[in-house]
Amino acid sequence: MALTDRAIQQKLFSNFFTFSVMPISLIPATRRSFLQAGAAAALSPWAFNAEAAEAAPWFAMLADPHIEADPAKTARDINMADNLRTVVTEILAEPTRPEFAFVNGDCAYNTGEKGDYETFRTLVQPLLDAGVPVHLTMGNHDDRGPFYELFPEAKAEPANKIARHVAVVESAHANWIFVDTLKEVNKVTGEIGAAQRQWISDAVDRHSADGKPTLLVGHHYAQYMPEGSTERVSGLADTVEFMDLLRSKPQIKAYIFGHSHHYSYKEASGGIHLVNQPPVGYLFDPTLPNGWLRSQLGADSMTIELRALDKNHAQHGVAKTLAWR
């Protein structure tokens, strides 16, 4: 039976995510107005589609596009702007729109230049035009200064005492916490830091009453180093403290990251799922896939499906369900 426009509108409003912290997010004008003014505000045209309203919500997970000011720029024989343009087109070609998309760090090519973000914004604008919010995290090739010049609506509020680019976004089946692992621009090592770890702990506790799982999203991976090692840390410098925090909070079910350009997933001790996203941009190993992940949440699990740019890759279209601890 077809739903009336009013019934669809009410259903969509009840399914919209809410924000505990506003920085980090590019919200389409139609949705921002709707969230602020309620049902009286206009929605984008796709919102009044009965099939979309009935469909299970899903999320588009992107990482490491590495966009340079010049859209013709290539690295390792790959044109990064073309790849991001293709991914955005694929997302919008799905039968329904995602609840949101996120780009997990290294939006910029190398040193986070203003021109990089100008080109990046142009490439993700079709998502915003279609009513899809886009959440962004900081990678080691990003720079908060130029980033905020191009994305002033994403700038952290003064209340954000930790001076990091963070947010909590609530969806129907999970609370998403976006963290900032950028330690130093164009230096490979990342860090959460004591202040941000406390912020994460407090954010998880504040949302514990709703009973929903928590998913953390940040750019750098966990990397345990042998005691006394003098090798360079390419992941999180405070991996031990960070993973201890994750294990100590039963609400936290997964940590989703990029950085390595190597798609994989595994379960760490304590039942924490570690999802290493594929890059949108270039590959270090050409035998691996690049592309994006289509994620769908259930009450007690998350299913991720690889959408490789190379449709002939053996992993393209392969789905994996991660059951929560």
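Residues numbered from 1 in each chain as written. Predicted model: local features only at pLDDT ≥ 70, side-chain atom pairs only at ≥ 80, totals over all residues. Heavy atoms only, no water.

Enquirer: Honestly, the overall build of the protein chain in this entry has me stumped. Any pointers?
Expert: When you go through the protein chain residue by residue, the secondary structure sums to eight helices and 16 strands. The burial tally for the protein chain puts 55% of its 325 residues in the buried class. Taking the contacts inside the protein chain whose residues are at least 6 apart along the sequence as the reference set, 69% of them involve residues at least 24 apart. Accessible surface computed for the protein chain: about 13,500 Å², of which carbon and sulfur atoms make up 50%. (Helix = DSSP H or I, 4+ residues; strand = E, 2+ residues; numbered from the N terminus. Buried < 20%, exposed > 50% of the residue type's maximum accessible area, 1.4 Å probe, protein only. Contact = heavy atoms within 4.5 Å. Areas by Shrake-Rupley, 256 points an atom, 1.4 Å probe, with all protein chains shown as cover.)

Enquirer: I keep staring at the environment of Leu293 and nothing clicks. Help me out?
Expert: Take Leu293: it is sitting in strand E14 (residues 291-297). Under the relative-accessibility criterion, Leu293 is labelled buried at 0%. Counting along the chain gives 14 residues from Leu293 to Pro279, while the straight-line C-alpha distance between them is 10.0 Å.

Enquirer: I keep staring at the confidence of the model for the protein chain and nothing clicks. Help me out?
Expert: Detailed reading of predicted coordinates is not advised where the pLDDT is low. Taken residue by residue, the protein chain gives an average pLDDT of 86. The fraction at 70 or more is 82%. The low-confidence segment residues 1-17, where pLDDT is below 50, has 35 contacts with residues more than four positions distant or belonging to other chains. Here residues 19-23 scores under 50 on pLDDT; set against residues more than four positions off or in separate chains, the count is 20 contacts. (pLDDT = per-residue confidence, 0-100.)

Enquirer: Help me understand the environment of His207 in this model?
Expert: Relative to the helices and strands, His207 is located in the loop between helix H7 (194-206) and strand E10 (214-217). Put simply, His207 and Asn175 are 32 residues apart on the chain and 7.7 Å apart in space, counted from C-alpha to C-alpha.

Enquirer: Would you mind going over the sheet that holds strand E3 (residues 58-62) with me for this structure?
Expert: Strand pairing in a sheet relies on backbone hydrogen bonds. The paired strands run either parallel or antiparallel. The seven strands lie next to each other as E2-E7-E6-E3-E14-E15-E16, forming an open sheet whose pairing is mixed. Sheet topology places strand E2 (25-26) and strand E16 (319-323) at the edges, where each strand pairs with a single neighbour. Sheet topology note: the strand E6 (residues 100-104)/strand E7 (residues 134-137) ladder contains four bridges and is parallel. Bridge pairing in E7 places Ala101 opposite Val134. Of the strands in this sheet, E3, E14 and strand E15 (301-308) are in contact with helix H4 (residues 80-93), which crosses E3 at around 175°. In this fold helix H5 (residues 114-129) packs onto E2, E6 and E7, with an angle of close to 145° to the strand it touches most, E7. (Pairing = 2+ DSSP bridges. Axes fitted to C-alpha atoms, helices over the stretch in contact; angles between N-to-C directions.)

Enquirer: Would you mind going over the packing of aromatic side chains with me for this structure?
Expert: Ring pairs (aromatic) are described by centroid distance and by the angle formed between their planes. According to the stated counting rule, one finds 17 aromatic pairs in the structure shown. Each ring, one from Tyr221 and one from Phe257, has its centre 6.5 Å from the other, and the planes form 65°; the classification is edge-to-face. With a gap of 36 residues between them, Tyr221 in the loop between E10 and helix H8 (239-248) and Phe257 in strand E11 (residues 252-257) connect regions that are remote in the sequence. The ring of Trp58 carries Arg294 above its face, with NZ or CZ at 4.2 Å from the centroid. (Phe/Tyr/Trp six-rings, centres within 6.5 Å; stacked < 30°, edge-to-face > 60°. Lys NZ or Arg CZ within 6 Å of the ring centre and 35° of its normal.)

Enquirer: What exactly am I supposed to notice about the layout of surface pockets here?
Expert: To find leftover empty space, one rolls a probe the size of a water molecule over the atoms. Looking at the largest pocket, its volume works out to about 220 Å³. What lines the largest pocket is a set of 13 residues, and nearest its centre among them are Tyr221, Ala222, Phe257, Lys266 and Leu274. At the level of secondary structure, the elements contributing two or more residues to the lining of the largest pocket comprise H8, strand E12 (264-267) and strand E13 (273-276). Here the lining of the largest pocket is built from residues that sort into seven nonpolar, four polar and two charged. (1 Å grid on protein atoms, 1.4 Å probe; cavity = no way out; pocket = protein on both sides within 12 Å on 5 of 7 lines; lining within 4 Å. Points joined across faces, edges and corners; volume = space filled by probe spheres on them. Nonpolar A, V, L, I, M, F, W, Y, C, P; charged D, E, K, R; others polar.)

Enquirer: What's the story with H5 in this structure? I'm lost.
Expert: At 3.6 residues per turn, the α-helix brings residues three or four places apart onto the same side. If you check H5, its first and last C-alpha atoms are 22 Å apart, about what 16 residues at 1.5 Å a residue would give, namely 22 Å. When the local axis directions of H5 are compared, the greatest deviation, roughly 40°, occurs at Leu123, which is followed within four positions by the proline Pro126. If you check which residues of H5 are buried, you get Asp116, Tyr117, Thr119, Phe120, Leu123, Val124, Leu127 and Leu128. Here the buried face of H5 lies against E2, H4, E6, E7 and helix H6 (144-150). (Expected span 1.5 Å × (residues − 1). Bend = angle between axes of the 7 residues up to and from the residue.)

Enquirer: What is the right way to look at the side chain of His165 in this model?
Expert: If you trace the backbone, His165 turns up in the loop between H6 and strand E8 (167-170). Note on His165: relative accessible area 0%, which makes it buried. One polar contact links His165 to Tyr148, side chain to side chain, over a distance of 2.9 Å. (Polar contact = N/O pair within 3.5 Å; in protein donor to acceptor, adjacent residues only side chain to side chain.)

Enquirer: How should I be thinking about H7 in this particular structure?
Expert: Compared with an ideal rise of 1.5 Å per residue, which puts 13 residues at 18 Å, H7 spans 18 Å between its outermost C-alpha atoms and is within 8% of the ideal. Every buried residue of H7 is listed here: Gln196, Arg197, Trp199, Ile200, Ser201, Ala203 and Val204. Contacts from the buried residues of H7 go to E8, strand E9 (175-178), E10, H8 and E11.

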